[in-house]
Amino acid sequence: MRNKVPIGILGATGMVGQRYIQLLENHPWFEVTWLAASDRSSGRPYGEAAKWRLDTPLPERIAKTMVSPAEPASASNAAPKIIFASVDAAIAREMEPKFAATGCAVISNSSAFRMAPNVPLVLPEVNADHLHLIEEQPWRKESGGYIVTNSNCSAMGLVLALKPIEERFGIEQIFVTTMQAVSGAGYPGVASMDILDNVVPFIASEEEKMETETLKLLGKLEGHAVTPLNAKMTAHCNRVPVVDGHTECVSIKLGKKLGRPAKREEILAAWAEFKPLAGLGLPSAPEQPIEWAEQNDRPQPRLDRNRGKGMTVTVGRLRPCNVLDWKFVLLSHNTVRGAAGATILNAEMLASLGKLEPTAVAAAARG
Ligand SMILES: NC(=O)c1ccc[n+]([C@@H]2O[C@H](COP(=O)([O-])OP(=O)(O)OC[C@H]3O[C@@H](n4cnc5c(N)ncnc54)[C@H](OP(=O)(O)O)[C@@H]3O)[C@@H](O)[C@H]2O)c1
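Here's what I pulled together on the structure shown here. As the structure is a prediction and not an experimental result, all values here were calculated from the model.

### Focus on the sheet that holds strand β14 (residues 326-332)
- Read across the sheet, 6 strands follow the order β10-β7-β11-β14-β13-β12 without closing on themselves; strand pairing throughout is mixed. Of all strands in the sheet, those bounded by a partner on one side alone are β10 (232-239) and β12 (290-293). Sheet twist, expressed as the average angle between the axes of neighbouring strands with direction ignored, equals 25°.
- Relative to strand β13 (residues 313-320), β12 runs parallel, the two being bridged by 4 bridges. Counterpart to Ile 290 in the pairing with β13 is Val 313.

### Concerning the pairing of strand β2 (residues 30-37)
- Across the 8 residues that make up β2, a large majority, 7, are buried.
- Since strand β1 (residues 5-10) and β2 lie parallel, the crossover through helix α1 (residues 15-24) that links them has a hand, and here it is right-handed.
- Relative to strand β3 (residues 68-69), β2 is paired through 2 bridges, and the arrangement is parallel. Paired with Ala 37 across the strands is Pro 69, a residue of β3.

### Considering the layout of surface pockets
- Quantified by volume, the largest pocket comes out at close to 1300 Å³.
- Taken together, 45 residues form the lining of the largest pocket, with Ser 86, Val 87, Asp 88, Ala 185 and Gly 186 sitting closest to its centre.
- Every element with two or more residues in the lining of the largest pocket is listed here: α1, α4 (89-101), α9 (206-217) and α12 (336-352).
- Examining the composition of the lining of the largest pocket, we find that 4 residues originate from one element, α1, more than from any other.
- Within the lining of the largest pocket, the residues separate by chemical class into 18 nonpolar, 20 polar and 7 charged.
- When its volume is computed, the second largest pocket comes out at roughly 860 Å³.

Each value, and the rule that gives it
Residues numbered from 1 in each chain as written. Predicted model: local features only at pLDDT ≥ 70, side-chain atom pairs only at ≥ 80, totals over all residues. Heavy atoms only, no water. Pairing = 2+ DSSP bridges. Helix = DSSP H or I, 4+ residues; strand = E, 2+ residues; numbered from the N terminus. Axes fitted to C-alpha atoms, helices over the stretch in contact; angles between N-to-C directions. Buried < 20%, exposed > 50% of the residue type's maximum accessible area, 1.4 Å probe, protein only. Right-handed = clockwise from strand over helix to strand, strands pointing away. 1 Å grid on protein atoms, 1.4 Å probe; cavity = no way out; pocket = protein on both sides within 12 Å on 5 of 7 lines; lining within 4 Å. Points joined across faces, edges and corners; volume = space filled by probe spheres on them. Nonpolar A, V, L, I, M, F, W, Y, C, P; charged D, E, K, R; others polar.

Rendered as C-alpha cells:
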C-alpha cells in the first residue's frame, strides 16, 4: 500500500463513482484515499451516504471513510493530487477547473470539457498521442494540474470497434443505432414505470455527443489541436430495459485505403490483431480489446458484457450492408469500459508516460 498512488474520487457515491471503488480495490498502482460528493453526502461515512448498487461487497475500509466536501483543499481532509471525476457536466464545468488550478490531475468522465480544443479526449488503444494536449492547458503551466477526459459510454465501444477498420481501410460514413442500458443514466436514473416493458427513443444530448466525440477520438493531433476524422456520421440513441451493457447496430462505408473492397476475413483480422497496448503492462488493459462472437445471436448484454473484466468490446454479426458497405453489432459495458474503467486506463496510460505521478508510480510498479 505504501507505494501506491493516492486517488481521490469526485462523485464517489454515484453509479460511476461506485465502479471506481470496485475496480480500484486491489489495484496494483492506485489506492482510493479520498471520497467526495454533494453536500447531501459530505460529513457522513461512505457506507451511510452511498446506496451501494454493485454485486461485490462494499469494501469495509471504504464504508468507514468519511465523505469529504467537493473542494480541493477542505480544512479537514485535503484532496490528493490525482482525481477521478464523475459528476454531472454542469457541476464538472465549475468544479474540475478548480481542482486542475490547484495542481490536480483531473481524469474525468464528464462531457463538460471533452470537446474543448486543449483537452484530450482519450481512449488509450485509439489515440494515446492526444494526451500531449495537456501541455496546452493553462493550469499545466501554472500549477502542473490538467484535465483529461474519456468519452461518452456509447461512443467508447463504437470507437474501439472502428479504430482498426479505420486504420486499414478508412471510414467514410457511419450509421449507428444504440440500445443503451439504464445504468448509463446514473442512479436512480430512468423511472421503472418509464422503462419496464418499453423502449425510450430519446436520450438528451446523446446523439450529438456520439457524433462529435467519435470523430474527435478517431481524429489526428495536428499542431495544437485535433482535426476530427473526415467522415459523415449519424446516431440514433435509445434507452432499453437492460441494467448494464450498451448494444449498438452499426453500418459503415469504408474508405479507399486498400484500393479495392475489403473482404470479410480482412475486417475480422483487423479486429483480432488489434492489440496496441500489448507489452505496456497496464493493469486494466484487456489482453484482447475487441473479441469476435461467432454465434449469430451474439453479442448479448447478459452473456457478453463482462468479457475482459468488462473492458473488452464484443463484435458480432458482420455482414454486407445493402446501403453502406458492412454492418455489425457491438456490445460494451457502459460503466466499466464506457466510464470508470476508461478513466482508470487513462490514468494508467498517463502513469506509463510519466505524466501522472511518475516517481510514485514507477516505485509501485517496481515494488
Ligand atoms: N453511468 C454511466 O454509464 C456513465 C458513462 C459515462 C459517463 N458518465 C458520466 O459520469 C458522470 C456521473 O455519472 P453517474 O452515472 O455516476 O451519475 P450519478 O449516479 O447520478 O452520480 C452523480 C454523483 O455526483 C455527485 N454530485 C451531485 N451533485 C454534486 C455537487 N454539487 N458536488 C459534488 N458532487 C455532486 C453525487 O453525489 P450525491 O450522492 O451526494 O448526490 C454522485 O456522487 C456524468 O457526467 C455522466 O454523464 C456516466
